[in-house]
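# Descriptive analysis of the structure
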Amino acid sequence: MSAPYLDGGGMYLASAPLLGFAFGWLLERAGMGHPKKLARQFYLRDLTVFKVLFSALITAMLGAFWLARAGVLELGRVYVPETYLLPQLAGGAVFGVGFVLAGLCPGTACVATASGRSDGVAAVLGMLAGVLAFALVPGLHELSLVTPRGPLTLPQQLGMSTGAVVFLVSAVALAGFAAAARLERRA
Amino acid sequence: MSGLHRVLALAAGAAALGALAAGEPTGRALDVTVLAREIAAERDHVSAPELGAWIVAGEPVRVFDLRDATAHETLRVPTSERIDLAALAKLDLPRDTRIVLYSEGGAHAAQAWVLLRARGYTDVRFLREGLYEWVARVLEPRLAVDATPAESAAYLQAAPLARHFGGQPRRGVARAEVPTGYWTEPARRTTTARTDVVGSVRRRGC
């Protein structure tokens, strides 16, 4: 789930840079603008990425669940991106290879750039080149729309209640945090 | 793991356990089988006389007219408010508000019913034949010369309601002049005989 506001409007548009700066600042504070720190994730020596991203995930998930329950947030208006199976598998693989090579993902590349790191600038330029290539190479857009599966959610796919899925994901995250703490102590 | 981390982990665990117990974030998730059961049991609509009785009794009900402004100004169900589907999609009322929807015919109101049920509104009905049903059954109830006892009984109930809303009940009319709809048994769809008012209600089906 992303982009909670489907409606246009100046206020919603104005909230985008604010949220973007807050996101970047928090990533920087978590030390995620440093490629070496991120790369250590893949060797299980520093699990900051896992901890930060899973903390954000369960915070958003629990927040969305209970805000909807309180009638503050209407989940029906939260955009669920559509699944295109093969293109997204291929995109995930490209993303993963790029992440390992650069030690940065798109968000942290921007953070590294803002921190004045030249490798961050290189990663951002590479990312923009990829975007440009995608737009210019004929047929790539059509290729990105094959094997459409529509918007998929875990409760739908697992046949479970939303609350049960929220509980399972939270339990996995909390167990993961405990395991990560142990691994880092050993490393 | 610091003390703060422990507290946060405990809070997340408690919130997750609560979510497991709560089941769905909206209290009631949209379950199409539930909607199908409601439709099959005919709990999705209300008859025009029932709606009239609610209005007379002053029961808390919000009535929404999905037709355009001109049609609404010309003739409408008393207490009804005009609204279009886009506004209905953003309607923000307590989810247990009793809501009745109507349009020219039934189709548009039925679509709006699904929309509101999907948004978590629990007490939503629509007029199955729209404003036509309101005119035919509430404003201008008619009793045929060869009326059955059941029809006579229905007319006796309908006539005071018609007078309350400024309508005109008529008795002793030819059978062919009695408007028909889903409420007649057996259902007859020949709606040729209407007064000027009934005739002015265009039945476009939406």
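Up top you'll find the structure we're talking about.
A few points on the structure. Owing to the predicted nature of the structure, the values given are computational and were not obtained by experimental measurement.

## Considering the overall build of chain B
- Secondary structure assignment for chain B yields nine helices and seven strands.
- The burial tally for chain B puts 42% of its 206 residues in the buried class.
- A sequence separation of at least 24 residues applies to 69% of the contacts in chain B between residues at least 6 apart.
- With an accessible surface of roughly 10700 Å², chain B has 57% of that area assigned to carbon and sulfur atoms.

## A few points about the overall build of chain A
- Looking only at helices and strands, chain A has nine helices and two strands in total.
- Moving toward the C terminus, one meets the helices and strands of chain A in the order α-α-α-β-α-α-α-α-β-α-α.
- Of all intrachain contacts in chain A linking residues separated by at least 6 positions in sequence, the fraction that spans at least 24 positions is 62%.
- For chain A, the exposed area adds up to about 11800 Å²; of that, 71% sits on carbon and sulfur atoms.

## Some details on the sheet that holds strand β5 (residues 123-127) of chain B
Residues and elements named next belong to chain B.
- Taken together, five strands build an open sheet; the order of strands is β1-β5-β4-β2-β3 and the sheet is parallel. For this open sheet the edge positions go to β1 (45-46) and β3 (81-82), each flanked by a neighbour on one side alone.
- Sheet analysis places strand β2 (residues 62-65) next to strand β4 (residues 98-102), joined by four bridges and oriented parallel. Bridging from a neighbouring strand, V63 pairs with V100 of β4.
- Sitting on the sheet, helix α6 (residues 107-118) touches β4 and β5, and the angle it makes with β5 is about 175 degrees.

## Focus on the environment of L127 of chain B
Residues and elements named next belong to chain B.
- Positionally, L127 belongs in strand β5.
- When the C-alpha atoms of L127 and A48 are compared, they prove to be 6.5 Å apart, with 79 residues separating the residues in sequence.
- Residues within four places of L127 in sequence aside, it is in contact with V46, S47, A48, L51, V77, L101, Y102, G105, G106, E133 and W134.

## Quick notes on the state of the cysteines
- Enumeration according to the criterion identifies zero disulfides over all chains in this entry.
- There is no disulfide at C105 of chain A, and the cysteine sulfur nearest it, in C110 of chain A, is 9.0 Å away.

## Examining helix α3 (residues 48-69) of chain A
- The terminal C-alpha atoms of α3 of chain A lie 31 Å apart, and with 22 residues this matches the ideal 32 Å at 1.5 Å per residue to within 8%.
- T48, V49, I58, M61, L62, A64, F65 and A68 of chain A are the residues of α3 of chain A that are buried.
- Each element contacted by the buried residues of α3 of chain A is listed here: α2 (35-42) and α9 (162-186) of chain A together with α1 (3-22) of chain B.
- G71 of chain A sits one or two positions beyond α3 of chain A and adopts a positive phi of about 85 degrees.

## Considering the nonpolar core
Residue and element names in this part refer to chain B.
- Membership of the largest hydrophobic core comes to 19 residues, with the highest contact counts inside it found for L51, V77, L127, L131, W134 and F165.
- The set of elements that each furnish at least two residues to this core consists of α3 (48-57), β4 and α7 (130-139).
- The leading source of residues in this core is α7, at five residues.
- Ranked by size, the runner-up nonpolar core spans 16 residues in total, among them F64, W113, L116 and V124.

## A few points about the packing of α3 of chain B against α7 of chain B
All names here are of chain B.
- For the pair α3 and α7, the least separation of the axes is 8 Å and the interaxial angle reads 75 degrees. The angle between the axes of α3 and α7 places the two elements in the roughly perpendicular class. Counted together, A48, P49, L51, G52 and I55 of α3 and E133, W134, R137 and V138 of α7 form the full contact between these two elements.
- Taken together, the residues of the contact of α3 with α7 break down into six nonpolar, one polar and two charged.

## What to know about the pairing of strand β7 (residues 170-173) of chain B
Residues and elements named next belong to chain B.
- Bridge count between strand β6 (residues 142-144) and β7: three bridges; the pairing is parallel. What sits directly across from A144, in β7, is V173.
- Regarding the hand of the β-α-β motif, the stretch spanning β6, helix α8 (residues 149-164) and β7 is right-handed.

## Some remarks on the interface of chain B and chain A
- Contacts between the two partners involve 18 residues from chain B, matched on the other side by 18 residues from chain A.
- Summed over the shared surface of chain B and chain A, the number is zero salt bridges.
- Here chain B is connected to chain A by six residue pairs in polar contact (both at pLDDT 80 or more).
- Classifying every residue of the side of chain B that touches chain A gives nine nonpolar, five polar and four charged.

## Brief notes about the pattern of salt bridges
Residue and element names in this part refer to chain B.
- Taken as a whole and judged by the stated rule, the model has 15 salt bridges over all chains.
- Here R175 makes a salt bridge to E151, at a shortest N to O gap of 2.9 Å. Remark: E151 occurs in helix α8 and R175 occurs in the loop between β7 and α9 (196-200); sequence separation between them is 24 residues.
- For E151, a relative accessible area of 28% translates into the label partly exposed.

Reading the values: the criteria
Residues numbered from 1 in each chain as written. Chains lettered and ligands numbered in written order. Predicted model: local features only at pLDDT ≥ 70, side-chain atom pairs only at ≥ 80, totals over all residues. Heavy atoms only, no water. Helix = DSSP H or I, 4+ residues; strand = E, 2+ residues; numbered from the N terminus. Buried < 20%, exposed > 50% of the residue type's maximum accessible area, 1.4 Å probe, protein only. Contact = heavy atoms within 4.5 Å. Areas by Shrake-Rupley, 256 points an atom, 1.4 Å probe, with all protein chains shown as cover. Pairing = 2+ DSSP bridges. Axes fitted to C-alpha atoms, helices over the stretch in contact; angles between N-to-C directions. Disulfide = S-S within 2.5 Å. Expected span 1.5 Å × (residues − 1). Core = buried A, V, L, I, M, F, W, Y, C linked by side-chain atoms within 4.5 Å. Parallel < 35°, antiparallel > 145°, perpendicular 65-115°, else oblique. Nonpolar A, V, L, I, M, F, W, Y, C, P; charged D, E, K, R; others polar. Right-handed = clockwise from strand over helix to strand, strands pointing away. Salt bridge = Lys/Arg side-chain N within 4 Å of Asp/Glu carboxyl O. Polar contact = N/O pair within 3.5 Å; in protein donor to acceptor, adjacent residues only side chain to side chain.

So far we have only geometry, and geometry alone does not tell us how the molecule works.
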